[in-house]
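# Understanding the architecture of this molecule
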Amino acid sequence: MLRFFAVYGNPIAHSKSPLLHNHVFTKYGLSACYGRILLENGEALRKNFDTFGLSGANITIPFKENAYTLCDEVRGIAQEIGACNTWVRENERVIGYNTDAQGFYECIKDYHIKNALVIGAGGAAKAVAIALKAHNIHTSIINRSAQKLTFFADKGFVCYVSDEFKPKDSYDIIINTTSAGLGDTHLPCPKPLLESLFANASYAFDLIYGKQTPFLALAADSHLICDDGKDMLIYQAAIAFKLFCQNMSSANDARVSGTYIAGLESTQ
Ligand code: NDP
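Throughout this description, residue numbers start from 1 for each chain and increase along the sequence as written. Given that this is a predicted model, residues contribute local features only at a pLDDT of at least 70 and side-chain atom pairs are listed and counted only at 80 or more, while totals for whole chains, interfaces and linings are drawn from all residues. Working from all heavy atoms in the structure, the side-chain values ignore hydrogens and water.

The subject of this paragraph is the environment of E80. In this fold, E80 is placed in helix α4 (residues 78–81). A C-alpha to C-alpha distance of 10.0 Å links E80 and A131, two positions 51 residues apart in sequence. Segments assigned H or I by DSSP are reported as helices when at least four residues long, segments assigned E as strands when at least two residues long, and all are numbered from the N terminus.

Attention now goes to the sheet that holds strand β1 (residues 3–9). Strands are treated as partners if at least two bridges between them are detected by DSSP. The strand order across the open sheet formed by 6 strands is β2-β1-β3-β5-β6-β4, and the pairing between neighbours is mixed. Across the chains shown, the open sheet's two edge strands, defined by having one partner strand only, are β2 (32–38) and β4 (73–74). Strand direction decides the pairing type here: β1 and strand β3 (residues 56–59), joined by 4 bridges, are parallel. Counted as the bridge partner of V7 is N58 from β3. Packing against the sheet, helix α10 (residues 230–246) makes contact with β1, β2, β3, β5 (86–90) and β6 (93–97), and its axis sits at approximately 5° to β5. Note on contacts: a residue pair qualifies if any of its non-hydrogen atoms lie within 4.5 Å across the two residues. Only the stretch in contact is used when fitting a helix axis, every axis being a line fitted to C-alpha atoms; angles between N-to-C directions are given from 0 to 180 degrees.

Below, the discussion takes up the site of the ligand. What makes a residue near a molecule or strand is one non-hydrogen atom of that residue sitting within 4 Å of it. Taken together, 24 residues surround the ligand, and among them A121, A124, N143, R144 and S145 come closest. Residues adjacent in sequence count toward polar contacts only when both atoms are side-chain atoms; beyond that, a polar contact is any pair of N or O atoms within 3.5 Å, and within protein one must be able to donate a hydrogen and the other to accept it. Within the side chain of S145, a nitrogen or oxygen atom sits 2.5 Å from an oxygen atom of the ligand. Between a nitrogen atom of the ligand and a main-chain N or O atom of G229, the distance comes to 3.0 Å. Protein chains shield 81% of the accessible area of the ligand, which is 940 Å² for the free molecule. Across the shell around the ligand, the residue classes break down as 11 nonpolar, 9 polar and 4 charged. Each accessible area is a Shrake-Rupley result for a 1.4 Å probe, and residues are judged covered by the shown protein chains and nothing else. For this scheme, ten residues count as nonpolar: Ala, Val, Leu, Ile, Met, Phe, Trp, Tyr, Cys and Pro. Four count as charged, namely Asp, Glu, Lys and Arg, and the remainder, Gly too, count as polar.

The contact between helix α8 (residues 191–199) and helix α9 (residues 214–221) brings their axes to 10 Å, and the two run at 45°. The orientation of α8 relative to α9 falls into the category oblique. Crossing hand, α8 versus α9: right-handed. Judged by residue contacts, K191, L194, E195 and F198 of α8 engage F215, L218 and A219 from α9. A breakdown of the residues in the contact of α8 with α9 according to their chemical character gives 5 nonpolar, no polar and 2 charged. By definition in this entry, angles of less than 35 degrees are roughly parallel, angles greater than 145 are roughly antiparallel, angles of 65 to 115 are roughly perpendicular, and the rest are oblique. In this scheme the crossing of two helices becomes right-handed for a clockwise turn of the near helix relative to the far one and left-handed for an anticlockwise turn of less than a right angle.

Below, the discussion takes up unusual backbone geometry. Glycine aside, the phi torsion of most residues is negative, and most peptide linkages are trans. Cis geometry marks the peptide bond from N10 to P11, where omega comes out at 5°. Between I61 and the following residue, P62, the backbone shows a cis peptide bond with an omega angle of 0°. Following the sequence through the fold, P62 ends up in the loop between β3 and α3 (64–69). Positive phi is not limited to glycine here, since H223 has a value of about 65°. Tracing the backbone shows H223 in the loop between α9 and β12 (225–227). Here the term buried applies to any residue with accessible area under 20% of the maximum for its type, exposed to any over 50%, and partly exposed to those in between, with areas from a 1.4 Å probe on protein chains only. On the basis of relative accessibility, which here comes to 72%, the residue H223 falls in the exposed class.

Our next topic: the confidence of the model for the protein. By definition, pLDDT measures how confident the predictor is in each residue, and it falls between 0 and 100. The predicted model of the protein averages 92 in pLDDT, with 93% of residues at 70 or higher. Low pLDDT (under 50) marks residues 250–256, which in the prediction has 14 contacts with non-local residues, meaning those over four places away or in another chain. Overall fold confidence for the complex sits at a pTM of 0.91, while the interface term, ipTM, reaches 0.98.

Further remarks concern the pairing of β6. Of all 5 residues making up β6, 4 are buried, and the element is well covered by its neighbours. As judged from the 2 bridges shared by β4 and β6, these two strands associate in the parallel manner. By the bridge assignment for β6, E73 is matched with I95. Where β5 meets β6, 5 bridges bridge the pair, whose relative direction is antiparallel. Within β6, the residue paired with W87 across the bridge is G96. Taking the residues between adjacent antiparallel strands as the criterion, β5 and β6 are bridged by 2 residues, where N91 takes a positive phi near 55°.

The structure is reproduced here in structure tokens:
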């Protein structure tokens with residue numbers, strides 16, 4: 001039986017998910033294909049998923065909160081994050097997961113981190129902050145505006161508006177989860193603030209991938225160990241793929257995310 005999967009978002013043309021998943025479906029001889037769907041309205045997500053009879057999907061900006069509310073059951077860390085990036089059809093029910101959180105943690109798990117500072121308070125920041133909290137890493141959040149900080153304050157995170165932030169503590173890792181940097185010149189917060197944070201940090205992580213952002217360029221100037229979002233993208237996809245495969249009864253199932261990554265690496 002041919003199974004269909006897709007990634008939903010707006011915009012979506014840039015998404016690498018079809019490339020990643022189709023490559024591994026083909027490599028392991030799985031009878032499945034994966035496309036991309038541009039959605040105008042997040043409320044239409046479930047109807048679209050059902051109409052196309054998809055077996056699973058990934059959901060990206062700006063529909064992860066819709067994916068959380070429109071599935072039949074939310075499992076795992078997505079319950080605390082309040083956003084889903086993966087749907088799997090299980091019998092006739094749609095189960096929602098969040099694989100961004102674990103995907104992020106896989107990238108930093110070997111680092112020695114006790115304190116983290118997350119810049120940004122959107123959906124990606126929620127996944128990152130909850131993942132750090134789940135591993136007992138003390139985490140503070142700064143954002144350019146106050147409104148989205150309420151979610152984090154309610155969960156016990158220390159929160160600041162960027163312009164009012166005067167760092168008293170040092171942080172082992174500074175994580176940019178904002179979309180500042182997608183353009184060529186924007187830093188996510190004032191340069192002097194970043195320079196003082198980097199002076200006392202060991203690691204910088206930017207969720208944006210495929211380019212060196214101004215944030216990571218500045219961190220590299222301060223001799224920090226720098227990561228962009230590419231590995232997180234691959235890990236979250238690998239974990240999603242494992243969830244897709246749990247529901248596919250093929251003898252060729254790639255059952256572990258490590259197999260997925262090996263499948264990608266073998267072509268590089
Ligand atoms: P959201 O739209 O939910 O949140 C965006 C956040 O960025 C908000 O806190 C917003 O602040 C802040 N922000 C936007 N522009 C600026 C700016 N110029 N200066 C300072 N702050 C700014 O987006 P997401 O959280 O879903 O995604 C954020 C980024 O993370 C995207 O670039 C996305 O591609 C990337 N991402 C990467 C993943 C990966 O696997 N590598 C996975 C998920 C996301 P405010 O509240 O004030 O508006």
